[in-house]
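The chain contents come next:
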Amino acid sequence: SILAFLLLSTKMTPSALSTDVCLPRWDLNTRFGFESPFSDAIDKHLEETRSMSKAFKEKYEGNLSTTSLFDAVTEYEKIPVRRATV
């Protein structure tokens, strides 16, 4: 079996596979501003980001000129930054 292979190939004993292992705890609030991966704030954040994307498309699709290019790029840059925090 795969477990037997792993035990033999890494010289681990069954006692090394204890379920008492302390897993790392991630502080999502510090990095992302969310208290847990199940926070309702994540859904709200994603919905706001979708709304921003839709508004951007409606505002600039087919209407981009050299005078609005800077504004479009500045506005667009905010969307991936928000998306990356989830």
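Above this text you will find the structure in question.
**Side note on the overall build of the protein**
When its secondary structure is counted, the protein shows four helices and zero strands. Walking the protein from its N terminus toward its C terminus, one meets helices and strands in the order α-α-α-α. Buried residues in the protein amount to 13% of all 86 residues. Sequence-distant contacts, at least 24 apart, represent 45% of the contacts inside the protein between residues at least 6 apart.

**Remarks on the packing of helix 3 (residues 40–60) against helix 4 (residues 69–84)**
Viewed as axis vectors pointing N to C, helix 3 and helix 4 meet at an angle of 155 degrees, and their least axial separation amounts to 10 Å. As the angle between them shows, helix 3 and helix 4 are arranged roughly antiparallel. Here helix 3 runs over helix 4; the crossing is left-handed. Each of His45, Glu48, Thr49, Met52, Ser53, Phe56, Lys59 and Tyr60 in helix 3 lies in contact with helix 4, whose residues at this interface are Asp71, Ala72, Glu75, Tyr76, Lys78, Ile79, Arg82 and Arg83.

**Regarding the side chain of histidine 45**
Position of histidine 45 among the secondary structure elements: in helix 3. Residue classification places histidine 45 among the buried positions, given a relative accessible area of 13%. Residues contacting histidine 45, with those up to four places away along its chain left out, are Phe34, Arg82, Thr85 and Val86.

**Comments concerning a nonpolar patch on the surface**
On the surface, Leu64, Leu69 and Val73 cluster together into a nonpolar patch covering about 250 Å² of accessible area. As for its placement among the helices and strands, leucine 64 is situated in the loop between helix 3 and helix 4.

**Some thoughts on the packing of aromatic side chains**
Both the distance between ring centres and the angle between the ring planes are used here to describe each pair of aromatic rings. Within the structure shown, the criterion is met by two aromatic pairs. Plain terms: the ring middles of phenylalanine 56 and tyrosine 60 are 5.0 Å apart, the flat faces sit at 45 degrees to each other, and that makes the pair tilted. Of this pair, phenylalanine 56 and tyrosine 60 both sit in helix 3, four residues apart, which is roughly one turn of the helix. Each member of the pair, phenylalanine 56 together with tyrosine 60, is buried. Aromatic pair phenylalanine 56 and tyrosine 76: ring centres 5.7 Å apart, planes at 50 degrees, arrangement tilted. Of the two residues, phenylalanine 56 is situated in helix 3 and tyrosine 76 in helix 4; the sequence distance between them amounts to 20 residues. On the basis of relative accessible area, tyrosine 76 is assigned to the partly exposed category, the value being 45%.

Quick notes on the rules
- Residues numbered from 1 in each chain as written.
- Predicted model: local features only at pLDDT ≥ 70, side-chain atom pairs only at ≥ 80, totals over all residues.
- Heavy atoms only, no water.
- Helix = DSSP H or I, 4+ residues; strand = E, 2+ residues; numbered from the N terminus.
- Buried < 20%, exposed > 50% of the residue type's maximum accessible area, 1.4 Å probe, protein only.
- Contact = heavy atoms within 4.5 Å.
- Axes fitted to C-alpha atoms, helices over the stretch in contact; angles between N-to-C directions.
- Parallel < 35°, antiparallel > 145°, perpendicular 65-115°, else oblique.
- Left-handed = near helix turned anticlockwise from the far one by under 90°.
- Patch = residues over 30% accessible without salt bridge, like charges linked within 9 Å, V, L, I, M, F, W, Y side chains within 5 Å.
- Areas by Shrake-Rupley, 256 points an atom, 1.4 Å probe, with all protein chains shown as cover.
- Salt bridge = Lys/Arg side-chain N within 4 Å of Asp/Glu carboxyl O.
- Phe/Tyr/Trp six-rings, centres within 6.5 Å; stacked < 30°, edge-to-face > 60°.

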